[in-house]
Amino acid sequence: MRQTTDSFRSRYRAAIHPRYNPWLHGSFVLLFGLLAVAAFWSTVHEVLALQWLAVPVTLLLFNLGVYVVHRHLGHHKKSFARMFYARHAGDHHSFFAPGSMSWEEPRDWRVILFPAWLIVVHTLLVTLPIWWLLQRFDANVAGLVAGFLVLGYLAYEVFHACEHLPHTHPLARWPWIRQMRRLHELHHRRELMQERNFNIVFPLMDYLFGTLYWEPEPTRLDMTRAPMTRMQHQIRIAGNPIDVLAYASTVTRWPEWHPSSLRIDGQGGPLHAGARFEEDIRAGGRDGHLRWRVTEYLPGRRWSAEAAGDNGLSLVLTYECAAEDDGTRFIRTLEYQFSGLAMRIANRLLLKRRIDRESAASMRALRDRAESNLVAAGVTV
């Protein structure tokens, strides 16, 4: 059974060697890399204009190399790169998921940075032979190429670390880093990680090979127009969090258990972030139509979507699951608002109480339907 992000993090952290020092790890990679760059560049003297062309060519080829290795070895199991695949697609992509992309303690760097010995291998077994070979023809080109090969490695490490910084960190707000963080978060979606956004520093190869995918950051609905009405209900459901959330986030089944949902126009199965669907509703005694967009899906943990409807209605719906004994604690949070004064007054006087009763009833119906469907599917509850 696929573990949730939190449970995987707990197991991964427990397995880290007690003597692991994240500060020593990061410092060694940075200092070794800078010393190697300085050593290679010390062989460069009086560079001619034509020789400077080695710099963009090197960076271009390094960018291509990162793309190929990440796409074809990091996400497709090959016998000669089994360890890299397990560490990247297994550990790294299980530790970080959309909505949980930030490290929480320095020891988490263990799953972000490459092993410290890899920069030594990259420098001595890859870069040094290239430098020695090119030096037979042009010492300046050799020094520039070798220095930028190591510098590219460092840039990868630094940018990748920045893409997992807490979102409140000052560096995370720098424009380019913010854009690359977004591309990397999209890459961490389960449905996209084998197909999209493999570059870390500059998405050139993703653009050229047609694997670049962009989607604006999810934004909360504008809460400055009027106060949000917020209601939260929870219930215990017999079943594991992954199966329960998968059933609840299969929107085509909403009419089975939610009294306000009349008809769904959308895809079957649990919907991932970016998916859109439409719904006919009767909430609080009023008919309406909603246009939905899913903003987040973390299997077994959280699902969220936002919608716009008639009469200036906008809302955010969030499902959260947590394991509880041998079942699941399911929490449903609804936040909504109306832009018009008349509807805000109607909500305060009448609609809010009706919607609250309907939401509470939907939780009981969800429990009964989910448990019966899990039993029918052969899942032990």
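So, a few notes on the structure that sits alongside this text. The model shown is predicted, which means the values in this text are computed figures rather than measured ones. (Residues numbered from 1 in each chain as written. Predicted model: local features only at pLDDT ≥ 70, side-chain atom pairs only at ≥ 80, totals over all residues. Heavy atoms only, no water.)

Thoughts on the pairing of strand E3 (residues 276-283)
Next, step 1: Taking every second residue as pointing to the same face, the buried face of E3 carries Phe277, Glu279, Ile281 and Ala283, while none of Arg276, Glu278, Asp280 and Arg282 on the other face is buried.
Next, step 2: With four bridges connecting them, strand E2 (residues 261-265) and E3 associate as antiparallel partners. Within E3, the residue paired with Ile264 across the bridge is Glu279.
Next, step 3: As defined by bridge partners, E3 adjoins strand E4 (residues 286-298) across eight bridges and the pair is classed as antiparallel. By the bridge assignment for E4, Arg276 is matched with Arg293. (Buried < 20%, exposed > 50% of the residue type's maximum accessible area, 1.4 Å probe, protein only. Helix = DSSP H or I, 4+ residues; strand = E, 2+ residues; numbered from the N terminus. Pairing = 2+ DSSP bridges.)

Thoughts on the packing of aromatic side chains
Next, step 1: Counted by the stated rule, this structure contains 22 aromatic pairs.
Next, step 2: Ring plane angle 75 degrees and centroid distance 4.7 Å describe the contact between Trp23 and Trp109, whose orientation is recorded as edge-to-face. Of the two residues, Trp23 sits in helix H2 (residues 22-41) while Trp109 sits in the loop between helix H4 (82-95) and helix H5 (117-135), which places them 86 residues apart along the sequence.
Next, step 3: The exposed category is assigned to Trp23, whose relative accessible area is 54%.
Next, step 4: Note on Trp109: relative accessible area 16%, which makes it buried. (Phe/Tyr/Trp six-rings, centres within 6.5 Å; stacked < 30°, edge-to-face > 60°.)

Observations concerning unusual backbone geometry
Next, step 1: Phi is positive for Glu46, which is not a glycine, with a value near 50 degrees.
Next, step 2: Mapping Glu46 onto the fold places it in the loop between H2 and helix H3 (54-72).
Next, step 3: In this structure, Asn197 takes a positive phi of about 55 degrees despite not being glycine.
Next, step 4: Inspection of the secondary structure assignment puts Asn197 in the loop between helix H7 (175-187) and helix H8 (204-208).

A closer look at a nonpolar patch on the surface
Next, step 1: Taken together, the side chains of Met83, Trp117, Val121, Leu124, Leu125, Val126, Leu128 and Ile130 define a hydrophobic patch exposed on the protein surface, amounting to about 740 Å² of accessible area.
Next, step 2: The element that contributes the greatest number of residues to the nonpolar patch is H5, accounting for seven residues.
Next, step 3: In this fold, Val121 is placed in helix H5.
Next, step 4: A residue is classified by how much of its surface remains accessible, and Val121, at 31% relative accessible area, is partly exposed. (Patch = residues over 30% accessible without salt bridge, like charges linked within 9 Å, V, L, I, M, F, W, Y side chains within 5 Å. Areas by Shrake-Rupley, 256 points an atom, 1.4 Å probe, with all protein chains shown as cover. Salt bridge = Lys/Arg side-chain N within 4 Å of Asp/Glu carboxyl O.)

Examining the environment of Arg332
Next, step 1: Within the secondary structure layout, Arg332 lies in strand E7 (residues 327-338).
Next, step 2: The buried category is assigned to Arg332, whose relative accessible area is 5%.
Next, step 3: Along the backbone, Arg332 and Met363 are 31 residues apart, and their C-alpha atoms lie at a distance of 8.1 Å.
Next, step 4: Those residues in contact with Arg332 that sit more than four places away from it in its chain are Met231, Gln232, His233, His258, Leu317, Thr318, Tyr319, Ser359, Ser362 and Met363.
Next, step 5: Looking at Arg332, its side chain comes within polar contact range of the side chain of Ser359, at 3.1 Å. (Contact = heavy atoms within 4.5 Å. Polar contact = N/O pair within 3.5 Å; in protein donor to acceptor, adjacent residues only side chain to side chain.)

Quick notes on the packing of H5 against helix H6 (residues 139-162)
Next, step 1: Close contact between H5 and H6 brings their axes to 8 Å; oriented N to C, the two are set at 160 degrees. It follows that H5 is roughly antiparallel to H6 by the angle criterion. You can see that H5 and H6 cross each other, and the crossing is right-handed. Contacts from Leu118, Ile119, His122, Thr123, Thr127, Ile130, Trp131, Leu134 and Gln135 of H5 reach H6 at Ala139, Ala142, Gly143, Val145, Ala146, Leu149, Val150, Tyr153 and Leu154. (Axes fitted to C-alpha atoms, helices over the stretch in contact; angles between N-to-C directions. Parallel < 35°, antiparallel > 145°, perpendicular 65-115°, else oblique. Left-handed = near helix turned anticlockwise from the far one by under 90°.)

Brief notes about the side chain of Ser359
Next, step 1: Inspection of the secondary structure assignment puts Ser359 in helix H11 (residues 341-376).
Next, step 2: According to the relative accessible area criterion, Ser359 is buried, its value standing at 1%.
Next, step 3: Not counting residues within four places of it along the chain, the set of residues in contact with Ser359 comprises Met231, His233, Arg332 and Leu334.

Topic: the pattern of salt bridges
Next, step 1: Summed over all chains, the structure comprises 16 salt bridges.
Next, step 2: Look at the salt bridges and you will find they share partners, linking Arg9, Arg13, Glu104, Glu105 and Asp108 into a network.

Section: the pairing of strand E1 (residues 229-237)
Next, step 1: By the alternation rule, side chains of E1 split into Thr229, Met231, His233, Ile235 and Ile237, which are all buried, and Arg230, Gln232, Gln234 and Arg236, of which none is buried.
Next, step 2: Here E1 runs beside E7; their pairing, made up of nine bridges, is antiparallel. From the neighbouring strand, Met231 faces E7, where its bridge partner is Leu334.

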